[in-house]
Amino acid sequence: MEDYILELKDVVKTFGGVTALNGVHFQLKKGEIHALMGENGAGKSTFIKVITGVHQPDSGTMLLEGERVTFRNTQDSAKMGIAAIYQHVTAFPDLSVTENIFMGQEIKNKLGVYNWRLMTKRAKELISPLSSEINVSKPMSALSVAQQQLVEIAKALSRDARILIMDEPTASLTKHECEELYRIAEELRDNGVSIIFITHKFEDMYRLATRVTVFRDSQYIGAWDVDKISNQKLIAEMVGRELSQMYPEKTAQIGETVLSVNHLSKEGYFRDISFDVKKGEILALTGLVGAGRTEVVQSVFGIMKPDEGSITLEGKEIKINSPIDALAYGIGLLPEDRQIQGLVNELPIYENVSSASLKKFQKNSIIDVKAEMLNAIDLCQKIQLKAKDIAAPPSSLSGGNQQKVVFAKMLSCDLKVLIMDEPTKGIDVGAKNSIYEIMNELAASGYAIIMISSEMPEVLGMADRIVVMKSGRVTGEFDIKEATQEILLEASLMNAKKEEA
Amino acid sequence: MKKITGYKNFGLLVGLVGLLIIAAIITPSMYSPSSLISMLRNNAIFGMLAVGEMFVLITGGIDISIGSILSLAGVVSAMQMSKHMELPTVVWVAVGLGVGLICGLVNGILIGKLKIVPMIATLGTMYIFRGMSFLVSGGEWLFPHQFTESFINCAAGKTFGLYNVIWFEVIVLVLAGVFMNVFTVGRRIFAIGTNVESAHVAGINDGNIKLVAYGICGALAGLCGMLYTANYAMCSYTMGEGYEMTAIAICILGGVAITGGRATIDGVIIGNLMMSVITYFISLLPGLSVWQDAIQGAIIIVAVLINVSMIKAADKRLLKERGALI
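Bear in mind that the values here come from a model prediction, so they are computed numbers and not experimental data. (Residues numbered from 1 in each chain as written. Chains lettered and ligands numbered in written order. Predicted model: local features only at pLDDT ≥ 70, side-chain atom pairs only at ≥ 80, totals over all residues.)

## What about the overall build of chain B?
The condition is simple: A run of DSSP states H or I qualifies as a helix once it reaches four residues; a run of E qualifies as a strand once it reaches two. Both are numbered from the N-terminal end. Radius of gyration: C-alpha atoms only; globule rule: 2.2 Å multiplied by the number of residues to the exponent 0.38. Neighbour density around each residue's C-beta defines its exposure: 20 or more other C-beta atoms within 10 Å make it buried, 12 or fewer make it exposed, and counts between make it partly exposed, where C-beta atoms are placed from the backbone. Residue pairs are scored as contacts if the distance between their C-beta atoms, which are placed from the backbone, is within 7 Å.
What chain B contains, in helices and strands, is 14 helices and two strands. In summary, chain B has a C-alpha radius of gyration of 20 Å against a globular reference of 20 Å for 326 residues, a match within 12%. If you line up chain B on its principal axes, its C-alpha atoms span 70 × 55 × 35 Å. Scored against the burial criterion, the 326 residues of chain B give a buried share of 47%. Counted over contacts in chain B with a minimum sequence separation of 6, partners at least 24 positions apart contribute 80%.

Below is the structure:
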């Protein structure tokens, strides 16, 4: 038997009735970089939280150097030398880099008085091999995402971590920053740290990892040596089916241009953005998180006010000062966070459906509840909403069905342009498929659709045309026929400023 | 020069100096040493209340019961003093602090352990503590002849030419400054205020930290209750009504973020001085004193607007420094 520093067997974790991990296994060798891959919602993040003690598994065993361990909280796992860098950086933005590194394990005397001098010195020692640009007395919020991640690494090192878990560390880094991170990860490995590297990018895996474990739908699929599995096989294992099955066939006829955005700029967010979308077309707006995509569509929808540029609808220039204007012109936005911006959980489903189009159901200022309900029933059938009772609140539905309610709400308004911000975020694979079908039907019935998405397969599977953004600028526009994952990735990492020079 | 303008509370300082200049032009009589000292004396209690409130605000909470705590602690210590005149005054200082601490811990348990929203929890205890104060006092007042001399001297006496209540404030400010900057618990108050999720991941128990913050806030309000009765040689259950709002206003003027995580002790000091100058200055203007509350409110709003825009500009500068803006 080989020597594993960390081994997990048959781990099960459920939240309420939802199974997040269904008997998964994992084996980490000492001093290796092990990639953990799988689609969103495959259970990777939950798995990490089980290892670090944030969540306690319902059943299964965890062995650390052959010894059985259970962690009640993150302090327990930290004591055993396990550290994690979470996907969303868990920093204290108002506190200094030094304090961020030492929070929870401050250097202090018996009275609890900080030894600022020693902490600052240690922080500098930890940071300087990672980056020469970070000033440890600056607040964390003054750092870029990449720099913040380095601070998180320094934090892990300060705890003498033997096992380091990195949850999608490269998700919002530039190519250059990724290279830096690879270098640091390799250095750590050479110093005997075992690393679990969660990633979506094949580039990361090939560059760093020697082994790869795949999860899908909360289950363990398998583990392979990286050099012994083909890219195609790996994708098939991750997705569990051919891509063509996932994304339905398109039937829409593409017509004339409906909406054009011309040279839109907003200081600090985006600059000189132009694109247009045609009737029946799905335009994908992609790029890394933080590229300014959401801000652009919020400007089109009247939430943000652009400094420059114009928007034309069916050839006429329009002024949109608020979401009310946008809806009146027939532009609807499906927000990224359906819980906060899309749904009102205190109201029944049918009232949610009609909430953006109440005027339609008014007679002499009194709402015709019957018409309102009939409309909701009609729309819910159209989008195949699985609900027992449309008078129940949306919180009684699954994530995918909640998203359908937001769709129904948009359809209840008479719209021409539908903007969708990450329409399948946090939705499981099966429900995604039905969302895609609805999107295709909507395109076929004449809507012009703008879809923001960070998921490459989704963009390639659904879009007719793709606009890529990076750091607030458009770095590429592609027809679906010429687009590949590599081309899109390259455009989303391109340095816009260099391009200009 | 850069060092001066780079000072975090530079805007506040400019505001304070501006106010002083305006006051000097309109009412030069304000600038006699004796009137300045009496101005400080009258506002020392607000300063100490604001320090307590600051700790609570840093956690992202709020405490609107401190006026009632002041009343309860003041009534308990002064009433007992009038019955046990033989005991040394230090006992009554301890009683004031103790009653306040207990009240503060009650708030802390409600908010930190039972997870009640701070505004609601302290709204409830605001009535409870005020009601208890009424019960303890039986609705009766104490007048100067019922106070021992040493009790009154504790606040209204002078040491090195300054009223003792001002010395109390100075000590509280220094201790608070040390506590919030070098003590682990003090720093963790900031940690839970800036990002409670991260605090959990770092293994910090936010309930315990809140208990500490509300405890300190209560203890300071209790101390203020005792000092209030000593300062004015007067005691009734109605004292301290509305003081919680003045304390919150001082914090806001001093740049304490109502959303938590940001505060400096020097900001609170400047806020306290600004508030003192505003109140004192307006009271000196003939015919304007009826406008006092309205003017005070307007100045707070203007000050906060300026402060918010300065913080935004500072954040933007930080982003620009690292090249995140285009």
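Picking up after the structure, the text goes on.
## Describing the interface of chain B and chain A
Threshold: Each residue gets one label: Ala, Val, Leu, Ile, Met, Phe, Trp, Tyr, Cys and Pro are nonpolar, Asp, Glu, Lys and Arg are charged, and the others, such as Gly, are polar.
The interface is formed by 23 residues belonging to chain B together with 26 residues belonging to chain A. Breaking the side of chain B that touches chain A down by element, the ones donating at least two residues are α9 (184-194), α10 (196-201) and α14 (292-321) of chain B. Here the residues of the side of chain B that touches chain A are counted per class, giving twelve nonpolar, six polar and five charged.

## Section: the sheet that holds strand β10 (residues 219-225) of chain A
Residue and element names in this part refer to chain A. Let me state the cut-off plainly: Whether two strands pair comes down to DSSP finding at least two bridges between them. Each axis is a line fitted through C-alpha atoms, taken for helices only over the stretch in contact, and angles between the N-to-C directions span 0 to 180 degrees.
On the basis of which strands lie adjacent, the open sheet formed by six strands has the order β6-β7-β8-β3-β9-β10 and mixed pairing. If you trace the sheet from one side to the other, it starts and ends with β6 (82-85) and β10, each paired once. Recorded for the sheet is a direction-independent mean angle of 20° between the axes of neighbouring strands. Sheet analysis places strand β7 (residues 163-167) next to strand β8 (residues 194-198), joined by five bridges and oriented parallel. Bridging across to β8, D167 finds its partner in I198. Strands in contact with helix α6 (residues 175-190) are β3 (33-37), β7 and β8; relative to β8, the strand with the most contacts, it is inclined by about 150°.

## Re the packing of helix α7 (residues 149-156) of chain B against helix α11 (residues 206-232) of chain B
Residues and elements named next belong to chain B. Note the following rule: Throughout, the term roughly parallel applies to angles under 35 degrees, roughly antiparallel to angles over 145, roughly perpendicular to angles from 65 to 115, and oblique to all others.
For the pair α7 and α11, interaxial distance at closest approach is 7 Å and the crossing angle is 105°. As judged from the angle between their axes, α7 and α11 are roughly perpendicular. In this structure, α7 contributes F151, I152, C154, A155 and A156 to the contact, and α11 contributes L227, A230 and N231. Partitioned by chemical class, the residues of the contact of α7 with α11 number seven nonpolar, one polar and no charged.

## Things to note about the environment of A142 of chain A
Within the secondary structure, A142 of chain A sits in the loop between α4 (116-127) and α5 (145-158). Sequence separation of A142 of chain A and Q56 of chain A is 86 residues, and the distance between their C-alpha atoms is 35 Å.

## Describing the nonpolar core
Cut-off, in case you're wondering: Joined through C-beta atoms within 7 Å, a set of buried Ala, Val, Leu, Ile, Met, Phe, Trp, Tyr and Cys residues constitutes a nonpolar core.
Ranked by size, the top nonpolar core spans 163 residues in total, and within it L49 and L220 of chain B carry the most contacts. Ranked by residue count, the leading element in this core is α11 of chain B, at 15 residues. Leave out the neighbours within four places in its chain, and L49 of chain B touches I66, L220, A221, C224, Y243 and A247 of chain B. Membership of the second largest hydrophobic core comes to 69 residues, among which are A252, L285, M462 and I466 of chain A.

## Describing the confidence of the model for chain A
Residue and element names in this part refer to chain A. Let me state the cut-off plainly: A score between 0 and 100, pLDDT records how confident the predictor is in each residue.
In the predicted model, chain A carries a mean pLDDT of 84, and the fraction of residues at 70 or more is 94%. Element-level pLDDT for chain A is lowest in helix α19 (residues 496-500), with a mean of 44, against a maximum mean of 94 in strand β20 (residues 448-452). In this model residues 496-501 is a low-confidence stretch, pLDDT under 50, and it forms six contacts with partners more than four residues away in sequence or in other chains.

## A word on the sheet that holds strand β14 (residues 308-313) of chain A
All names here are of chain A. Within the open sheet, the four strands sit side by side as β12-β11-β14-β15. Their pairing is antiparallel. In this open sheet, the two edge strands, each paired with only one partner strand, are β12 (270-278) and β15 (316-318). The average undirected angle you get between the axes of adjacent strands in this sheet is 20°. Bridge analysis of strand β11 (residues 257-266) against β14 gives five bridges, and the strand direction is antiparallel. In the sheet register, L259 faces β14, and the bridge partner there is L313. Sheet contacts for helix α10 (residues 293-300): β11, β12 and β14; angle to β11, the most-contacted strand, approximately 115°.

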